[in-house]
Every structure is written in C-alpha cells, then in structure tokens.
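The lines below spell out each chain.
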Amino acid sequence: MDAFSLQKYCILFFLCNLICQCPSEAAEDERQEYIVYMGAVPEGHNSSYHSNKIQDQHLQMLQEVVDDSFSRNALVKSYKRSFNGFAAYLTKQELEKLASYDEVVSVFPSRTLWPQTTRSWDFMGLREDIVVRNTKRGSDIIIGVIDSGIWPQSESFSDEGFGPIPTKWKGVCHGGENYTCNKKLVGARVYTSSFFNPNSSADDTIGHGTHTASTAAGNSVKSASFYGIAQGTARGGVPSARVAAYKVCDEDGCRDSAILSAFDDAIADGVDIITISVGASTAVDINVDTIAIGSLHASQKGVLTVHSAGNTGFSPGTVASVAPWLLTVGASTMDRGIATKITLGNGKKIVGKSVNSFKLEGTEFPLVYGKDVTTHCDEPSARHCSPGCLDSSLVKGKVVLCDNNKGIEEALKSGALGTIVKSGRVPDVSFAVPLPASVLFTSDLELVQSYVNSTKEAKAFISTSESIKNTGAPVVASFSSKGPNTIIPDILKPDVIAPGVEILAAYSPLAPVSEVASDKRTAKYAILSGTSMSCPHVAGAAAYVKSAHPDWSPSAIKSALMTTAWRMDPTKHKDAEFSYGAGHISPVNATNPGLVYETNNQDYINMLCNMGNLSRTVGRLFKNKSIKCSKFKLAKEMHKDLNYPSMTYKVKRSALIQTRFSRTVTNVGHANSTYTAKISKPPGMHITVKPGTLSFKHLNEKKSFVVTVKGAHLTSMISASLVWSDGVHFVRSPIVVY
C-alpha cells in the first residue's frame, strides 16, 4: 500500500475467512460473489480446446445448482490456464451444494483487498555499474506486476535499446483502446471490467502499479524527482528486464476473483517473477487465500511470487502473507529520508515530516492556532482543525497549527497559507501534502504550541522538503506488519525486509499525488511508502538473482535472499525477527550464497497433510491422486521441519523448550568445500547442530543436518541463529522460539 492508500484505506471491514461461510448479515437468497477452487488443471488439459472443456464443466456445475432464471448470468470468471476453478454469484444454499462436490477443494467469498527510486538500490549495494554488466541476462527476465495497471507512456517503460521480446512470452497486449505495449512493457491484461465499466483500461489511475513496476524493473531515468525533491537517477533492480501489467485494482479496491484471474494468466503467459503488493488487513487460512492459492500454482511452474507483508504492523500477529511458498516482504528505511523544516519567529528550527513541494514567497508568516481561528466549533474540535471549523477570513495568508494531521485538508479547504500538524499513527513517514505543511512529533508540536501561546505575534516559515541522511538506517517501518504467523505458527513471517519508506519511482499522471481530492497536481514520479514499495524491491532483487542463475527454483532464489540478508539489530526492534524476518536483503551477495535450502512439492504436500487436509484435497492441488495423507501424523509442530531457510517453533503453554529442526542444504558455491556450523544464542539456551561440519565434493550435492534446541520455561521470545561458513560464504538462518 502506498502513501495515498495507506491513509485512505485503513481497516475497512472484517474478513470472512471460513470455508463456505456466508457473511452473517447476508440473506439466504442474496447472491454474492464466491470463488469455487478446484485445484490444479487436470492432466492433459493444456490446450485451448481443453480450456474450453474446463469452462464447460464450470457452466455445467452451475446449471446443476443455480436457478434456471439466473444460471446463464452466474459465472463471473473461469480459471482454466494454470489452475482450475471459477468465480460466480451464488446464494448460500447454492454454494453449500457446490461445496459438496468431490472435485471442489474450497468455496469462499471473493473479498476486496487493497494495494499495500533514486537511492534505494545503491543503498542495498546494487549499484548502476553492476546492473549495466547484467543487461543481456536481465533482458530475458519477465516480471508480472499484479496491481493497478501501468502508465505505458512513462520513460521508465520506454523500449529504446531493447532487443526482441523473449520467445517464451505467450501473453497479449489487451490493455484497452489505445493502450500500447512495447519491447519493455511486453503485455497487459485488465480484470476490473464489469457490466458497469465494460471499457476498463490497463492505464493506471491510482499510480500504485506504475510505481511498483518501475521499482522492480524500471529503466534508468536521470534527474527524476517529485517537483525537485529527491532528485537523482530512478531505476529498478533489473532495468533491462521486461514487465507485464495485470490490472486487478481500481479506486474500489482489488477483487479476489480478479487476482486469481491474473495469476491464472500470468503463469501461463510465461512470467519469471510475480510481484503483488496487494493484501488484506488480517491473515486467512491458505485454502481460502487467493494469493496463497495462485502463488502455489506459480511455484509449481517455477515462478516465484513476492508479496507485501501488509501495513497494519502496530501490534504482533498482523502479517497477512503467511504461505511458505510466498516470499513475504516487510518495509524498512534507507539512508535517505525526506524532511520538512519549520522556522519559528523566535529563531527555533524544527524538523518535521512531509513531502512538501511548495515554496513560500517570503521569510515568515503569521502563525495561528486552530482554536483561535474558529467562530462556531468547540475548543477540542477547533484545536484539531476538524472539518468546517476553520474560519476562512481568519486564516487567509496565515499558517495554522492543528493538533491532528487530518487538519491538513481543512487548512487547504479554508484557504490557509500552510499548516503545522501533529503526526498520526505513522510518524516515521513523509506523505505528499496539498499545501505547505509539516508534520511534527508530539514533543516538537508542544514546542510550537508553547511558542504560539507565549506571544500575540507568532510567526513561522515552512521550507520546501529536502533529502536528509538517515544514519541509523535500516530500521523496520512502524507500519510494516509483524509476525508471528497466525495461520502456520512454525513458519517465520515476514521473510525479509527491504526499503519501503519514501521511495521515489515512476507514477501515473492520471492519479492524484495526495489523498486530497482538490489537489489537482500531476506527477511523472512520486514519493510513496508502504510494504507495497518494499515488495517490488525484493522482486527486482529476485529477478537479479534469477538472471545470474536461470535454472534456480523459486525456493532456491528465496533461500539465497534470506540467508545472505543483512543481520538486523534486535535492540532497535522489540519484535526482532517477527518484524524483519531473516534481515535486510543484499541483492549482490544473494547471487553467491554458497548453500541454499530448497523446498520441493513433496515438502509442501507433507505440510498440507499435517495441517489436516484430506488426501483428495491435497491431491487436487498437486495433480497427484496417489497422495495418502493418512500416513502422516497430524501434528502442527511438524511444520517446523519444512525445509525452510529460517527455523521457528511455538512452545506449548507451560512446556519446557525442547525441539528439533531437520534441514537439507544444497551446495551452489564451490565444488570442493567444507562448511562449519556456528551458533549464536542467548544465555540459558542449549543449541546443538549434528553434524557440525558439512563436506561437499560436487556442486548441487545435498547434505542434511539436525538442530536441537533445549531450554527452561519460556518467558519471552528467544532469538538465535545458525551460520554455515566455508570461510568465503556465510549462510545464516534465524532460529526463533516463542
């Protein structure tokens, strides 16, 4: 989610998350959009003829359960290219009938989800000169962007100097009337069309998709800025890579049914990486999570899906991206920030937060308090500059002090020259403002309040925003959603973090630059924040690793990014690994990790069986009728033995700490190499690794080991780590017990 969405779209509703559960307020005969998920495409159904046969099956199923008067109109979308299922308008009685069919895996409501640079890549060590050396290999990579579309006229998506589109590309340019693709933007599809909006275009009217796509793979564009702020060379992680737009979001959000359609097409179209910065405010079971479902089928076809963790990280257990085959990304700061200074009439200078592109003509202006420039509001409302409280005749040509950041819009509406406001729930982020404004921490706001109350001639000046040095970066952003994983407790989420605060990237001139409707400015580049911005950074890094190792599996790429990540300082983060996962990505180091943890289909089958799924359900997911879940002991703690690059264990209440992690690593470093284990742990914990040394004679050779953790009763979360090293490579895995 970006700055616009982050403020506008907070938690709007509670989500339905039970299979076949209709919202309680819905009447028995009320039709709502549901998704009927049927697993993998049946064996041999990989042609257009068989795709039509699959759709015929969907229609037949609907005709069997839906009233004749509506059966022709019930089908919304048919999923038939990369997996099997459909979306339809159903009553509660009809969905219960469909749920009883043997071929149906799950039936669930189609929710509405929401969307979740000049410096960031250099900060991570992926300098432009390194990227230039990778041009030829990078041009074979195609990144599918499931988002709000792309503005194709952006210089970030020009195809000047690009060679032919890779022959593996099977997609189309169906972006609507007058929408043009090229050798950089190789394809576009739209899923936001409806009966009420049949001519929807892949043009980006929100700005979100253009921003995320250019962050991942935008061309190098010199002197990019937002009205002169943060000026520099804007580029993606792999500027030579191609992008394809899959538009699932518009001003009304992003429908689950559209997201599944995008996955269905993107996988079959031939993308290498999928980036999706869209999500819910809470996690749901993976059987009814469209992003988990689509990404599972993507991983089976060798496509890695990178997903934003979410922007509700003000408490534990808020991460909404929980499936182990997803690469889940939290947001962090980088060493360049955006600040807006104010100067008071007494000479005091205070640094605030905002993206203020306005330049005031003069040196100081009258400063008034909201409570003193109202004629019809009570004092608390006027202090906050609540809607309708400011008197236009009393604020014209003046800077208004407000006790709430929502006062920005009221200051603009009333005709104030500028405003100084108190920060909201996200104090570490600068958002674009529609008039000269600076957002202050409470302590700094109190200094301004004290000054205003001390004189009858208060003055202030608001400077244009400027870039500042963040010496403490990276730190996890306050909004970045946190673990633990509430659906699969023994899988650590998020997996990694990447820059997601105040990121400059391409933008659509069709989109608003701030959340205030009366702000009519346009921009070709904008500064946004959110895990939506960190997600495409990791997608770009994954594309960079993929370009160096085209034959690597999604899990190998994911492992490389996790085990080479920068170790974060837990003293700065009370949630430790639950906020930053394995750490902050280091793209260049990830191309040479030494060892990787590969997770294959059988690992996921074991996990899903251990979660209590039926054999036929898991069999449909993997197109394997021979799967027998009955041979697995139902034990949720078995999830910890998934061959994952991190190790996590949730201790049963009042139990002693005693657990084992079984892992297997694959040698991708030097053929003849020996790795030695080193454990970092807190006092009182006993952690052993057997064997403690792994000797390899060949590339791609596999070796297994067991980590045993013992300790007294748990009093707080425990963070430790295992590092395998041959003296050149350092393969680090976090160990978390909670």
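**What about the overall build of the chain?**
Counting secondary structure elements, the chain contains 20 helices and 36 strands. For 738 residues, the compact-globule estimate of 2.2 N^0.38 gives 27 Å, and the C-alpha radius of gyration of the chain, at 26 Å, lies within 12% of that figure. Viewed in the frame of its principal axes, the chain has a C-alpha envelope of about 80 × 70 × 60 Å. Summed over all atoms, the accessible surface of the chain reaches about 28,600 Å², with 50% contributed by carbon and sulfur. A gap of 8 Å separates the mean positions of the 75 positive and 66 negative side-chain charges of the chain.

**Structural notes on the pattern of salt bridges**
The tally for this structure, following the rule as stated, stands at 21 salt bridges. Ionic pairing is found between Lys 493 and Asp 495, a salt bridge with its closest N-O pair at 2.8 Å. By relative accessible area, Lys 493 is classed as buried at 0%. Shared partners join several salt bridges into a network, and the residues in it are Arg 81, Arg 189, Asp 265 and Asp 269.

**A look at the environment of Lys 572**
As for its placement among the helices and strands, Lys 572 is situated in the loop between helix H16 (554-563) and helix H17 (577-580). Taking the C-alpha atoms as reference, Lys 572 lies 17 Å from Pro 499; in sequence the two are 73 residues apart. In contact with Lys 572, not counting residues within four places along its chain, are Gly 472 and Val 475.

**Some thoughts on the side chain of Ser 82**
Within the fold, Ser 82 resides in the loop between strand E2 (75-79) and strand E3 (85-90). Taking the relative accessible area as the measure of exposure, Ser 82 reaches 4% and is therefore buried. There is a polar contact of 3.3 Å between the side chain of Ser 82 and the backbone nitrogen of Ala 268. Sequence-distant contacts of Ser 82, defined by excluding residues within four places in its chain, comprise Val 41, Phe 263, Asp 264, Ile 267, Ala 268, His 297 and Lys 301.

**Notes on the state of the cysteines**
Taken as a whole and assessed by the stated rule, the structure comprises five disulfides. Note that Cys 385 is cross-linked by a disulfide to Cys 402, the S-S spacing being 2.1 Å. Here Cys 385 and Cys 402 share a disulfide; its torsion about the S-S bond, -90°, makes the bridge left-handed. Taken together, the residues span a long stretch of sequence, with Cys 385 in the loop between helix H11 (379-383) and helix H12 (392-395) and Cys 402 in strand E20 (residues 399-402) at a distance of 17 residues.

**Thoughts on the sheet that holds strand E25 (residues 496-499)**
Judged by pairing direction, the sheet is parallel, and its seven strands sit side by side in the order E7-E10-E6-E13-E15-E16-E25 without closing on themselves. Each edge of the sheet is formed by a strand with only one pairing partner; in this case those strands are strand E7 (185-190) and E25. With strand direction ignored, the average angle separating the axes of adjacent strands in the sheet is 25°. Two strands pair when backbone bridges link them, and strand E15 (residues 304-308) and strand E16 (residues 326-332) are joined in this way by four bridges, in the parallel orientation. When the bridges of E16 are listed, Val 306 appears paired with Leu 327. Packing of helix H8 (residues 208-217) onto the sheet brings it into contact with strand E6 (142-147) and strand E10 (242-247), and relative to E6 it is tilted by some 155°.

**Things to note about the packing of helix H19 (residues 601-610) against helix H20 (residues 615-622)**
Closest axis-to-axis distance for the H19/H20 pair is 10 Å, and the angle between their directions is 155°. The angle between H19 and H20 places the two elements in the roughly antiparallel class. Of the two elements, H19 crosses H20, and the hand of that crossing is right-handed. Facing H19, whose interface residues are Asn 601, Tyr 604, Ile 605, Leu 608 and Cys 609, H20 presents Val 618, Leu 621 and Phe 622.

**Brief notes about the sheet that holds strand E4 (residues 106-109)**
Read from one edge of the open sheet, four strands run E2-E3-E1-E4, paired in antiparallel fashion. The sheet terminates laterally at E2 and E4, the two strands that pair on one side only. Strand-to-strand twist across the sheet, computed as the mean angle between neighbouring axes with direction ignored, equals 20°. Bridge count between E2 and E3: four bridges; the pairing is antiparallel. Along E3, the bridge assignment pairs Ser 78 with Phe 86.

**Section: the pairing of strand E17 (residues 336-344)**
Within a regular strand, side chains alternate between the sheet's two faces. When you tally the buried positions in E17, you get seven out of nine residues, the bulk of the element. The pairing of E17 with strand E24 (residues 466-469) spans four bridges and is classified as antiparallel. Bridge pairing in E24 places Ile 338 opposite Ser 467. Where E17 lies against strand E18 (residues 349-352), four bridges are found, and the strand directions are antiparallel. By the bridge assignment for E18, Thr 343 is matched with Lys 349. In this antiparallel pair of consecutive strands, E17 and E18, the connection spans four residues, and Gly 347 shows a positive phi of 90°. Note that E17 and strand E23 (residues 459-462) share three bridges and pair antiparallel. Across the sheet, Thr 343 pairs through a bridge with Phe 461, a residue of E23.

**Overview of the confidence of the model for the chain**
Residue-level pLDDT values for the chain average 91, and 93% of them are 70 or greater. In this model residues 1-26 is a low-confidence stretch, pLDDT under 50, and it forms 69 contacts with partners more than four residues away in sequence or in other chains.

**A word on the pairing of strand E31 (residues 673-680)**
Direction of pairing for E31 relative to strand E33 (residues 693-696): antiparallel, over a ladder of four bridges. Note on E33: the bridge partner recorded for Ser 673 is Phe 696. Relative to strand E35 (residues 718-725), E31 runs antiparallel, the two being bridged by five bridges. Bridge pairing links Ser 680 to Ser 721 in E35.

**Re unusual backbone geometry**
Put simply, Ala 473 and Pro 474 share a cis peptide bond, and its omega is 0°. Examined against the element boundaries, Pro 474 turns out to sit in the loop between E24 and E25. Residues Gly 483 and Pro 484 are joined by a peptide bond in cis, for which omega reads 10°. Structurally, Pro 484 can be placed in the loop between E24 and E25. Even without being glycine, Tyr 227 reaches a positive phi, approximately 50°. Tracing the chain through its elements places Tyr 227 in the loop between strand E8 (221-226) and strand E9 (229-234). Backbone geometry at Lys 623 places phi at a positive 55°, although glycine is not the residue there. Note that Lys 623 resides in the loop between H20 and strand E29 (647-649).

Thresholds, definitions, all that
- Residues numbered from 1 in each chain as written.
- Predicted model: local features only at pLDDT ≥ 70, side-chain atom pairs only at ≥ 80, totals over all residues.
- Heavy atoms only, no water.
- Helix = DSSP H or I, 4+ residues; strand = E, 2+ residues; numbered from the N terminus.
- Rg over C-alpha atoms; globule rule 2.2 N^0.38 Å.
- Areas by Shrake-Rupley, 256 points an atom, 1.4 Å probe, with all protein chains shown as cover.
- Lys, Arg positive; Asp, Glu negative; His and termini not counted.
- Charge placed at Lys NZ, Arg CZ, Asp CG, Glu CD.
- Salt bridge = Lys/Arg side-chain N within 4 Å of Asp/Glu carboxyl O.
- Buried < 20%, exposed > 50% of the residue type's maximum accessible area, 1.4 Å probe, protein only.
- Contact = heavy atoms within 4.5 Å.
- Polar contact = N/O pair within 3.5 Å; in protein donor to acceptor, adjacent residues only side chain to side chain.
- Disulfide = S-S within 2.5 Å.
- Pairing = 2+ DSSP bridges.
- Axes fitted to C-alpha atoms, helices over the stretch in contact; angles between N-to-C directions.
- Parallel < 35°, antiparallel > 145°, perpendicular 65-115°, else oblique.
- Left-handed = near helix turned anticlockwise from the far one by under 90°.
- pLDDT = per-residue confidence, 0-100.

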